[in-house]
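What follows is the residue order along each chain.
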Amino acid sequence: TQSTWGYCAKVFKSMSREDTIYYAKLAEQAERYDDMVKHMKEIATSGQELTNEERNLLSVAYKNSVGTRRTACRAVTAIKQKEEAKGTKFMDIIEEYKVKVESEVESVCNEINEILEKNLIPKAASAESEVFYLKMKGDYCRYMAECVTGDKNKKAAEAAHEAYKKANEKAEGLASTHPIRLGLALNYSVFYYEILNSPEEACKLAKTAFDSAIADLEGLEDEQYKDSATIMQLLRDNLTPVSYTHLRAHETREDLVCRLLLEKKKKTT
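Just so we're clear, the structure is a prediction, and the values are computed from it rather than from any experiment. (Residues numbered from 1 in each chain as written. Predicted model: local features only at pLDDT ≥ 70, side-chain atom pairs only at ≥ 80, totals over all residues. Heavy atoms only, no water.)

Asker: Would you take a moment to explain helix H4 (residues 52-86) for this structure?
Answerer: Given 3.6 residues per helical turn, the α-helix brings residues three or four places apart onto the same face. Relative to the 51 Å expected for 35 residues at 1.5 Å per residue, H4 spans 50 Å between its end C-alpha atoms, a close match to the ideal helical length. At Gly67, H4 shows its largest kink, close to 25°. Just beyond H4, the residue with positive phi is Gly87, at close to 75°. (Helix = DSSP H or I, 4+ residues; strand = E, 2+ residues; numbered from the N terminus. Expected span 1.5 Å × (residues − 1). Bend = angle between axes of the 7 residues up to and from the residue.)

Asker: Would you take a moment to explain the packing of helix H2 (residues 17-29) against helix H3 (residues 33-44) for this structure?
Answerer: Any two packed helices are characterised by how steeply their axes cross, that is the angle between the axes, and by the distance between the axes. Here H2 crosses H3 at 160°, and the two axes come no closer than 8 Å. The angle between H2 and H3 places the two elements in the roughly antiparallel class. Where H2 crosses over H3, the two elements pack in a sense that is left-handed. Contacts between H2 and H3 involve Arg17, Thr20, Ile21, Tyr23, Ala24, Ala27 and Glu28 from the former and Tyr33, Asp35, Met36, His39, Met40, Glu42 and Ile43 from the latter. Of the residues that constitute the contact of H2 with H3, the class distribution is eight nonpolar, two polar and four charged. (Axes fitted to C-alpha atoms, helices over the stretch in contact; angles between N-to-C directions. Parallel < 35°, antiparallel > 145°, perpendicular 65-115°, else oblique. Left-handed = near helix turned anticlockwise from the far one by under 90°. Contact = heavy atoms within 4.5 Å. Nonpolar A, V, L, I, M, F, W, Y, C, P; charged D, E, K, R; others polar.)

Asker: Can you help me understand the layout of surface pockets in this one?
Answerer: In this approach a probe as big as a water molecule rolls over the atoms, and the regions it shows empty are the leftover space. When its volume is computed, the largest pocket comes out at roughly 620 Å³. In this structure, the largest pocket is lined by 22 residues; those nearest its centre are Ser59, Lys63, Phe132, Lys135 and Gly183. Secondary-structure elements contributing two or more residues to the lining of the largest pocket are H4, helix H6 (127-147), helix H8 (179-194) and helix H10 (222-237). Its residues assigned to classes, the lining of the largest pocket comprises 10 nonpolar, six polar and six charged. Put simply, the second largest pocket is a space of about 260 Å³. What lines the second largest pocket is a set of 14 residues, among which Asn168, Ala185, Leu205, Thr208 and Ala209 lie closest to the centre. At the level of secondary structure, the elements contributing two or more residues to the lining of the second largest pocket comprise H8 and helix H9 (199-215). With six residues, the top contributor of residues to the lining of the second largest pocket is H9. Looking at the lining of the second largest pocket residue by residue, the class counts come to six nonpolar, four polar and four charged. (1 Å grid on protein atoms, 1.4 Å probe; cavity = no way out; pocket = protein on both sides within 12 Å on 5 of 7 lines; lining within 4 Å. Points joined across faces, edges and corners; volume = space filled by probe spheres on them.)

Asker: For this particular structure, what's the right way to read the side chain of Ser129?
Answerer: Considering the arrangement of structural elements, one finds Ser129 in helix H6. Excluding its chain neighbours within four sequence positions, the residues that come into contact with Ser129 are Glu49, Arg55 and Ala124.

Asker: Explain the confidence of the model for the protein chain here, please?
Answerer: Any segment with low pLDDT has predicted coordinates that should not be analysed in fine detail. Looking at the protein chain, pLDDT values average 85 and 81% of them are 70 or higher. Counted against residues more than four places away or in other chains, residues 241-254, with its pLDDT under 50, gives 24 contacts. (pLDDT = per-residue confidence, 0-100.)

Asker: What am I meant to see in the environment of Leu235 here?
Answerer: Its place among the elements puts Leu235 in helix H10. Leu235 sits 52 residues away from Gly183 along the chain, and the two C-alpha atoms are 8.7 Å apart. Apart from the residues lying within four places of it in its own chain, the contact partners of Leu235 are Leu182, Ala185, Leu186, Ala206, Ala209 and Phe210.

Below, the structure is given as structure tokens:
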């Protein structure tokens, strides 16, 4: 009931930061991501710099919250195209539902982007945090561009491009093997491919990031290279149709990194 929710809202407001984080983790384990969003929004708008854990929890909350809605948006769009071709009499219903799903995607994306712009990006205390938040802004503008059309699509694509570009410039201060820098390159390349319909530019961006990271792999600790290698594997997948002699499709991510490290060591001995 409304009174029950009002009581709960007061309790949440009075909770300590530690308790709020615990609630967010509990909601994550229960796969109630909209609840997780509510708690992490409290943390993100508290005026304090987020820790790495808090930053990642915020990302998980919103990514999963918008994820189901993005999936629904793609499904309804596909149904609309299929039914339109058949000349169905239910087009009005489909269109109405499509608008509903799109508005939910927009709502989630606008909410997190407002938090990023007002609370997180201006107060980022390190290059790593700033790149993380700018990348996040680019991602949610991209998610919006996936679902909307017309002027909304154009504005969302432009905002995504601007955020990714700025993040890419700031990322020059991070190691080429840093997971956040690699993740940015991956998502930026996806943006070029899926939103701007520019596969050549997408491949170029992915290849540049992959080449730079390979050159610096030897300096990574065993634990560090696993995170980077995971993203490098995805970058590698995005290199097609570019011919790339370093790559072997049958390798696991660990095989790839180990082989490259061994080859590099052989060259220097």
